[in-house]
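Working through the structure, step by step
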Amino acid sequence: MDKKILLVWMCLLTFLAGALNAISIVWFAATTVSHLTGLISRMSIGASELSWATFWAGFRVVLAFFLGAIVSGFITAERAFVLKKRYGCIIITIGVLLIIPYFLYDNVDKIYSILIFAFVMGMQNGMVVSIKGVVVRMTHMSGNVTDLGVFIGYRLRGNKNEKGITGIVPLLALLSFFVGGVLGIILFKSISNIVFLIMAFIYILLGILYFVARIHFVDKDFNGIPDELEKK
């Protein structure tokens, strides 16, 4: 049951990342904030053509994402996934930061909102979350497509040692990201910047629920040994 709760939590965060990235693409010159491959290519194109405006357009978003990852790494402090309070703090912080674009929407250049989006995606991507040894990718989908494809390839080859969860996790992440993008765009076109408040509320709620749920988890480091026994 603990792992199922964690999987649902992961899917909801991936759903929100999909919504945020889709809104960014529609709202600001096809700029992605959940992954950086295209942006780094844009920087390369700008540098090759000596177009520093093009280079800067990509670099500032990459930098914001990078700084978000630094903050996330500073808070989590380690790669090993353990249900510590700091993960809830990161999610609540993301929610609070997403309130800012609501107020910036009509007042200043939208790039500041996009940079906030990139920063919080860097924070979310910087969290190391795994289920049964499967690393959960919650902001970029290339890895999930690869993981799912490799899983299917292994199964087609007859590798029965490959656990089903190895394919289920990336599949659910892909579906969550896709559905999040669809609903995010529908809401953005319908209620404009109010969607940022809704997303902020959901992030904060997920952070609070994380604190509540972790109290009831009996194996917070997922090593198969109940925490009470490890203390003895």
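For the structure itself, look to the data block above.
**Things to note about the overall build of the protein**
Regarding its fold elements, the protein presents ten helices and two strands. Scaling as 2.2 N^0.38, a compact globule of 232 residues should have a C-alpha radius of gyration of about 17 Å, and the protein matches this with 19 Å. For the C-alpha atoms alone, the extent of the protein along its principal axes is close to 60 × 40 × 35 Å. Burial analysis of the protein (232 residues in total) assigns 41% to the buried set. For the protein, long-range pairs separated by at least 24 residues make up 70% of all intrachain contacts whose partners lie at least 6 apart in sequence. Mean positive and mean negative side-chain charge positions of the protein (20 and 12 charges, respectively) differ by 4 Å.

**Overview of the packing of helix H2 (residues 37–48) against helix H3 (residues 52–76)**
Taken N-terminus to C-terminus, the directions of H2 and H3 make an angle of 155°; their axes are 7 Å apart at the nearest point. With respect to each other, H2 and H3 are oriented roughly antiparallel. By crossing handedness, the relation of H2 to H3 is classed as left-handed. Of the residues in H3, those in contact with Leu39, Ile40, Arg42, Met43, Gly46 and Ala47 of H2 are Trp52, Thr54, Phe55, Ala57, Gly58, Phe59, Val61 and Val62. Among the residues forming the contact of H2 with H3, the class breakdown is ten nonpolar, three polar and one charged.

**Comments concerning the packing of aromatic side chains**
Inspection of every chain in the model, using the stated rule, returns 15 aromatic pairs. Here a set of aromatic residues connected by ring pairs shows up, and it is made of Trp27, Tyr105, Phe117, Phe188 and Phe196.

**Overview of the side chain of Ser72**
Within the fold, Ser72 resides in helix H3. Given the relative accessible area of 0%, Ser72 is considered buried. Those residues within four positions of Ser72 in sequence are excluded, and the remaining contacts are Ile90, Gly122, Met123, Gly126 and Met127.

**Looking at H3**
Between the first and last C-alpha of H3 there are 35 Å, a value that for 25 residues agrees with the 36 Å anticipated at 1.5 Å per step. All of the buried residues along H3 are Ala57, Gly58, Val61, Val62, Ala64, Phe65, Gly68, Ser72 and Thr76. Against H2, helix H4 (85–97) and helix H6 (111–126) lie the buried residues of H3. In the segment just after H3, Ala77 is the residue with positive phi, at about 70°.

**Some points on unusual backbone geometry**
Although it is not a glycine, Ala29 sits at a positive phi angle of roughly 50°. Within the element layout of this structure, Ala29 appears in the loop between helix H1 (2–27) and H2. Not every positive phi belongs to a glycine, and Ser192 is a case in point at roughly 55°. Structurally, Ser192 can be placed in the loop between helix H8 (165–191) and helix H9 (194–216). Classification of Ser192 by relative accessible area gives partly exposed; the value is 23%.

**Structural notes on the packing of H8 against H9**
Two quantities define a packed helix pair, namely the angle between the helix axes and the distance between the axes. Remark: H8 packs on H9, axes separated minimally by 8 Å, with the N-to-C direction vectors making an angle of 135°. Overall, the two elements H8 and H9 adopt an arrangement that is oblique. Together, Gly184, Leu187, Phe188 and Ile191 of H8 and Ile194, Val195, Phe196 and Ile198 of H9 make up the contact between the two elements. In terms of residue class, the contact of H8 with H9 is built from seven nonpolar, one polar and no charged.

**Regarding H9**
Here H9 spans 34 Å end to end across 23 residues, near enough to the 33 Å set by a 1.5 Å rise per residue. Restricting attention to buried positions, one finds in H9 the residues Val195, Phe196, Met199, Ala200, Tyr203, Leu206, Gly207, Tyr210 and Arg214.

**Quick notes on a nonpolar patch on the surface**
Taken together, Phe178, Val179, Val182, Leu183 and Ile186 make up a surface patch of nonpolar side chains, about 440 Å² in accessible area. Examined against the element boundaries, Ile186 turns out to sit in helix H8. In this structure Ile186 comes out as partly exposed when scored by relative accessible area, which is 47%.

Parameters at a glance
- Residues numbered from 1 in each chain as written.
- Predicted model: local features only at pLDDT ≥ 70, side-chain atom pairs only at ≥ 80, totals over all residues.
- Heavy atoms only, no water.
- Helix = DSSP H or I, 4+ residues; strand = E, 2+ residues; numbered from the N terminus.
- Rg over C-alpha atoms; globule rule 2.2 N^0.38 Å.
- Buried < 20%, exposed > 50% of the residue type's maximum accessible area, 1.4 Å probe, protein only.
- Contact = heavy atoms within 4.5 Å.
- Lys, Arg positive; Asp, Glu negative; His and termini not counted.
- Charge placed at Lys NZ, Arg CZ, Asp CG, Glu CD.
- Axes fitted to C-alpha atoms, helices over the stretch in contact; angles between N-to-C directions.
- Parallel < 35°, antiparallel > 145°, perpendicular 65-115°, else oblique.
- Left-handed = near helix turned anticlockwise from the far one by under 90°.
- Nonpolar A, V, L, I, M, F, W, Y, C, P; charged D, E, K, R; others polar.
- Phe/Tyr/Trp six-rings, centres within 6.5 Å; stacked < 30°, edge-to-face > 60°.
- Expected span 1.5 Å × (residues − 1).
- Patch = residues over 30% accessible without salt bridge, like charges linked within 9 Å, V, L, I, M, F, W, Y side chains within 5 Å.
- Areas by Shrake-Rupley, 256 points an atom, 1.4 Å probe, with all protein chains shown as cover.
- Salt bridge = Lys/Arg side-chain N within 4 Å of Asp/Glu carboxyl O.

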